[in-house]
Amino acid sequence: ALSITADNQTKCGGVAFNFAGSEYSSTGLVNGDVISTVDITSAGSGSGALLSGAPYSIAIANATGANLSNYTITYNSGTLSMNARPVVSVSVTETSGTTSNDGILCSGDNVLLNSSASTAGSGSISGRVWNDLGTSTTNSISTGLAGTYNVTVTNSNGCSTTSTGNTITVLT
């Protein structure tokens, strides 16, 4: 008897999980017999899979390889767990230009961009990186330079979210 078991996997919500075809283990092969390929699928592997539907089953089937017709094969499913990505927002604070906090500055003034993030119930916030010239890792950055700024926040499960870009315009 040959038993093939799908390995349990974890992914981040909103991100596709692509099976390489090697996410399994087997017991019962003898005499140098080998498994060449197996089909591994899960309804939760697509980027649109809902966190509320997790965990998803991982199905394994259709093994091919040397002398496998000599075996009675048992396929055992695995589990695809899903972690939530952080929820990120950025506030713009400035009193320059035409309207307060609109991201339009007079030349020589600065804007404060402050990020806030929650874990959405999955892990803790482990890091953040702004796309500014210095790739700051703080909660806030201050700049007087025109551009589009966003921050990528990562949680302790390795899941990341990038904020919507905040465009800063400098009046001349």
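Quick caveat: nothing in here was measured; it's all calculated off a predicted structure. (Residues numbered from 1 in each chain as written. Predicted model: local features only at pLDDT ≥ 70, side-chain atom pairs only at ≥ 80, totals over all residues. Heavy atoms only, no water.)

Student: Which parts of the structure should I look at to understand the environment of Val34?
Tutor: Relative to the helices and strands, Val34 resides in the loop between β3 (24–27) and β4 (35–41). Residue Val34 is classed as partly exposed on the basis of its relative accessible area, which comes to 41%. Val34 sits 67 residues away from Asn101 along the chain, and the two C-alpha atoms are 64 Å apart. Residues within four places of Val34 in sequence aside, it is in contact with Leu29, Thr64, Gly65, Ala66 and Leu68. (Helix = DSSP H or I, 4+ residues; strand = E, 2+ residues; numbered from the N terminus. Buried < 20%, exposed > 50% of the residue type's maximum accessible area, 1.4 Å probe, protein only. Contact = heavy atoms within 4.5 Å.)

Student: Just checking my understanding: could you explain the sheet that holds strand β1 (residues 2–6) for this structure?
Tutor: A sheet is described by the order of its strands in space; here 3 strands give the open sequence β3-β1-β6, paired in mixed fashion. Both outer strands of the open sheet, β3 and β6 (73–76), are each paired with one neighbouring strand and no more. Taken over all neighbouring pairs, the strand axes of this sheet differ in orientation by 15 degrees on average, direction set aside. Note: β1 against β6, 4 bridges, orientation parallel. If you follow Ser3 over to β6, its bridge partner there is Thr74. (Pairing = 2+ DSSP bridges. Axes fitted to C-alpha atoms, helices over the stretch in contact; angles between N-to-C directions.)

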